[in-house]
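# Understanding the architecture of this molecule
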Protein chains: 2
Amino acid sequence: MNSHYNCFRPFSHFIMETLTLAPFPSRGISSRYSLFRRPSSRRNFWRAQTTVSELANLEAQSGPKPIPLEISSVEEALMGFISGRRKATEVAQAVWKNVVHRGDTVIDATCGNGHDTLALVKMVADKLGKGCVYGLDIQQSAIDNTSSLLEMSTEEHERKSVQLFNVCHSKMDEIIPKENPVRLVAFNLGYLPGGDKTLITVPHTTEMALRAASKLLDSKGLISIIVYVGHPGGRDELEIVEAFTSSLPAETWVGCKFQMLNRPVAPILVLLFKK
Amino acid sequence: MNSHYNCFRPFSHFIMETLTLAPFPSRGISSRYSLFRRPSSRRNFWRAQTTVSELANLEAQSGPKPIPLEISSVEEALMGFISGRRKATEVAQAVWKNVVHRGDTVIDATCGNGHDTLALVKMVADKLGKGCVYGLDIQQSAIDNTSSLLEMSTEEHERKSVQLFNVCHSKMDEIIPKENPVRLVAFNLGYLPGGDKTLITVPHTTEMALRAASKLLDSKGLISIIVYVGHPGGRDELEIVEAFTSSLPAETWVGCKFQMLNRPVAPILVLLFKK
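Residues numbered from 1 in each chain as written. Chains lettered and ligands numbered in written order. Predicted model: local features only at pLDDT ≥ 70, side-chain atom pairs only at ≥ 80, totals over all residues. Heavy atoms only, no water.

All names here are of chain A. In total, this model carries 0 disulfides over all chains according to the counting rule given. Between Cys111, a free cysteine, and Cys132, which holds the nearest cysteine sulfur, the sulfur-to-sulfur gap is 12 Å. With relative accessibility at 5%, the residue Cys111 sits in the buried group. (Disulfide = S-S within 2.5 Å. Buried < 20%, exposed > 50% of the residue type's maximum accessible area, 1.4 Å probe, protein only.)

Pasting the structure below:
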């Protein structure tokens, strides 16, 4: 197995590194990210932020562009999915909208280019400072892209609800406080779109992440997983996701799968609802 | 293989038998079913009808009772499904409502106790006499139950839209005129609820039925299949349904599956949309 595939540094190492980079609130500094304590929060979280000048640089590169965020209704998304006009990711987001409420705490376990993180921010952030989105990704470029997208597409009070972590999804239980009930954990497995396709999430850490997510999740909460099977290792990851889902007791969990049968490499949606 | 499992008589035999029974419109005859030509139709269809006195007998037996027909929205059905409160059949019916319109022609390939047939009648029948539901079942008791349920739960103009056939689902292409575009074909596989559980639909005829349905189906039409895997032979039938779906070209078909992963014997929904 390629060592890149794994979470290559422990979380404690990550914390120390970020502290060394920028221990206090700051904008316009030369390093790409400032990480600072949120004065308004009783909890000491660390938040990654992109400066405006850095944003311009990012835009000039091949990073994400602002997108109008429009999440379909479940009816639109499902009818579109079964008629080939909508993607599994759209069904997932439509379902989230029916599970997640303003003020909730949610986790994007695999930020990627930040589209899911952005969708979640729009669902949970409110002007009272409630609502919290934890975004995780093992790749720094994913965190950069997500931060850039959020900077372009959110308002100030929405950005305050986000905390991004350049850390493996399997480490989420080291980040999210146990006493904080989580309404949704979203996984978009595989590789970073537009990034290095050899850097992928892998079965071992994905299984750890699912286990951690299932413990953090509140009652009536949802774990949403998009599995990509078109790249090497994708099928192995699907097997792990299916095995984990199958092992969940039916008394307390509903675990269902939405799959295209005549498009073998189409993404597969797995939803785990905690009763 | 038990010979009961197969379609035990050719369609030509069936037609001759019904013609011998009652060639003209009739009510109140002693035999349970009258089969007659519909004068209002340009096409020569055959319709099964139950008399009022027979209905009283059927009600006195353990047949179906009138039920309030309430079909959920897709949103209610899907959110209910993923949270364990709604069944796959409810998702299926909710989806049909978005595909089928008044005046359409549809097929219930496996009437069972008639609940799907009733739902389809309510969707397609209109007072102008448009809309047509073909209901098929290999078991006479299923046709009886369906007819009884329709008698109890539909109005006259709705009943006129239905034609019931005691014939194997694999014979649908011998019943439905080729020039009649079909919007939906519904399959509810397995055994008749409340009936003899050794009498089940089987892979061989189900595959023939799917093939026939795929040819009869109009563009933008849907084949909806509920597969039960909790009885002997159920897994074999699922394999056939999956293999058939996987063989459909992705350019002209969308074939998707909805499955509970942590409830191994839960019914599985497969939807085949013709682009």
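The discussion continues.
Below, the discussion takes up the packing of helix α3 (residues 74-82) of chain A against helix α4 (residues 88-99) of chain A. In helix packing, the relevant descriptors are the interaxial angle and the interaxial distance, both defined with respect to the helix axes. Residue and element names in this part refer to chain A. The N-to-C vectors of α3 and α4 enclose an angle of 160°; their axes lie 9 Å apart at closest approach. Judged by the angle between their axes, α3 and α4 are roughly antiparallel. Of the two possible hands of crossing, α3 and α4 adopt the one that is left-handed. On α4, the residues that touch Val74, Ala77, Leu78 and Phe81 of α3 are Ala88, Glu90, Val91, Ala94, Val95 and Asn98. Classifying every residue of the contact of α3 with α4 gives 8 nonpolar, 1 polar and 1 charged. (Axes fitted to C-alpha atoms, helices over the stretch in contact; angles between N-to-C directions. Helix = DSSP H or I, 4+ residues; strand = E, 2+ residues; numbered from the N terminus. Parallel < 35°, antiparallel > 145°, perpendicular 65-115°, else oblique. Left-handed = near helix turned anticlockwise from the far one by under 90°. Contact = heavy atoms within 4.5 Å. Nonpolar A, V, L, I, M, F, W, Y, C, P; charged D, E, K, R; others polar.)

Across the boundary between the two partners, chain B contributes 32 residues, which contact 32 residues of chain A. Roughly 2900 Å² is buried in total at the junction of chain B and chain A, and carbon and sulfur atoms are behind 69% of that figure. Of all residues in chain B, Ile82, Leu261 and Asn262 of chain B bury the most surface against chain A, accounting for 25% of the area lost on that side. Scanning the region where chain B abuts chain A turns up 0 salt bridges. On the surface where chain B and chain A come into contact, there are 14 residue pairs in polar contact (both at pLDDT 80 or more). By residue number, the principal contributor to the side of chain B that touches chain A is strand β8 (residues 253-260) of chain B, which donates 8 residues. Class assignment of the residues belonging to the side of chain B that touches chain A gives a composition of 19 nonpolar, 9 polar and 4 charged. In this structure, strand β8 (residues 253-260) of chain A lies alongside β8 of chain B, joined through 5 bridges in antiparallel fashion. By the bridge assignment, Met260 of chain A is partnered in β8 of chain B with Cys256 of chain B. (Buried area = accessible area lost by both parts, 1.4 Å probe. Salt bridge = Lys/Arg side-chain N within 4 Å of Asp/Glu carboxyl O. Polar contact = N/O pair within 3.5 Å; in protein donor to acceptor, adjacent residues only side chain to side chain. Pairing = 2+ DSSP bridges.)

On any regular strand, side chains alternate: one points to one face of the sheet, the next to the other face. All names here are of chain A. Among the 7 residues that make up strand β9 (residues 268-274), 7 are buried, leaving the element largely enclosed by the rest of the structure. Here β9 shows no split at all, with Ile268, Val270, Leu272 and Lys274 on one side and Leu269, Leu271 and Phe273 on the other all buried. Across 6 bridges, the pairing between β8 and β9 is antiparallel. By the bridge assignment, Phe258 is partnered in β9 with Leu269.

As a further point, take the pattern of salt bridges. Taken as a whole, this structure holds 15 salt bridges over all chains when the rule is applied. Here Arg86 of chain A ties to Glu90 of chain A by a salt bridge, and the two come within 3.2 Å at their closest N and O atoms. Classification of Arg86 of chain A by relative accessible area gives partly exposed; the value is 26%. Residue classification places Glu90 of chain A among the partly exposed positions, given a relative accessible area of 24%. Here Asp104 of chain B and Arg183 of chain B are joined by a salt bridge, their closest N and O atoms 3.1 Å apart. Linking Asp104 of chain B in the loop between α4 (88-99) and β3 (105-108) with Arg183 of chain B in strand β6 (residues 182-188), this pair joins segments that are 79 residues apart in sequence. Look at Asp104 of chain B and you get buried, because its relative accessible area is 11%.

With that settled, consider the environment of Phe244 of chain B. All names here are of chain B. With respect to the helices and strands, Phe244 occurs in helix α10 (residues 234-247). In this structure, the C-alpha to C-alpha distance between Phe244 and Leu210, residues 34 residues apart in sequence, is 7.8 Å. Once residues lying within four places of it in the same chain are set aside, the contact partners of Phe244 are Leu210, Arg211, Ser214 and Leu272.

Of all the 9 residues making up helix α3 (residues 74-82) of chain B, 7 are buried; the element is thus mostly covered by neighbouring parts of the structure. Taken together, the buried positions of α3 of chain B are occupied by Val74, Ala77, Leu78, Met79, Gly80, Phe81 and Ile82 of chain B. Summarising the contacts, the buried residues of α3 of chain B are in contact with α3, α4, β8 and β9 of chain A together with α4 and β8 of chain B. Two residues or fewer past α3 of chain B, Gly84 of chain B is found with a positive phi of approximately 85°.

Of the two same-sequence chains, chain B is brought onto chain A (RMSD 0.0 Å, axial shift 0.0 Å) by a rotation of 180°. Here the two chains are linked by the operation of a two-fold rotation axis. (Least-squares fit on C-alpha atoms with pLDDT ≥ 70 in both.)

We now examine the nonpolar core. The biggest cluster of nonpolar side chains holds 84 residues, and the ones touching the most others in it are Val95 and Phe258 of chain A together with Val95 and Phe258 of chain B. Apart from the residues within four sequence positions on either side, Phe258 of chain B is in contact with Leu78, Ile82, Lys257 and Phe258 of chain A together with Phe81, Ile268, Leu269 and Leu271 of chain B. (Core = buried A, V, L, I, M, F, W, Y, C linked by side-chain atoms within 4.5 Å.)

To continue, consider the pairing of strand β5 (residues 162-165) of chain B. Residue and element names in this part refer to chain B. With burial as the criterion, each face of β5 is covered, one bearing Val162 and Leu164 and the other bearing Gln163 and Phe165. The pairing of strand β4 (residues 132-136) with β5 spans 4 bridges and is parallel. Considered in β5, the bridge of Gly135 is made with Leu164.

What follows deals with helix α5 (residues 115-124) of chain A. Among the 10 residues of α5 of chain A, 8 are classified as buried, and the element is accordingly described as predominantly covered. Along α5 of chain A, the residues classified as buried are Asp116, Thr117, Leu118, Ala119, Leu120, Val121, Met123 and Val124 of chain A.

Our next topic: the packing of α5 of chain A against helix α6 (residues 140-153) of chain A. Residues and elements named next belong to chain A. Contact pair α5 / α6: the axes reach a minimum separation of 9 Å and the direction vectors enclose 40°. With respect to α6, the element α5 is oriented oblique. The two elements α5 and α6 cross, and the hand of that crossing is right-handed. Between α5 and α6, the residues in contact are His115, Thr117, Leu118, Val121 and Lys122 and Thr146, Leu149, Leu150 and Ser153, respectively. Grouping the constituent residues of the contact of α5 with α6 by class yields 4 nonpolar, 4 polar and 1 charged.

Here we come to the environment of Asn98 of chain B. Take Asn98 of chain B: it is sitting in helix α4. For Asn98 of chain B and Tyr134 of chain B, which are 36 residues apart along the polypeptide, the C-alpha to C-alpha distance reads 19 Å. Not counting the four nearest positions on each side in its chain, Asn98 of chain B is found in contact with Glu75 and Met79 of chain A together with Val74 of chain B.

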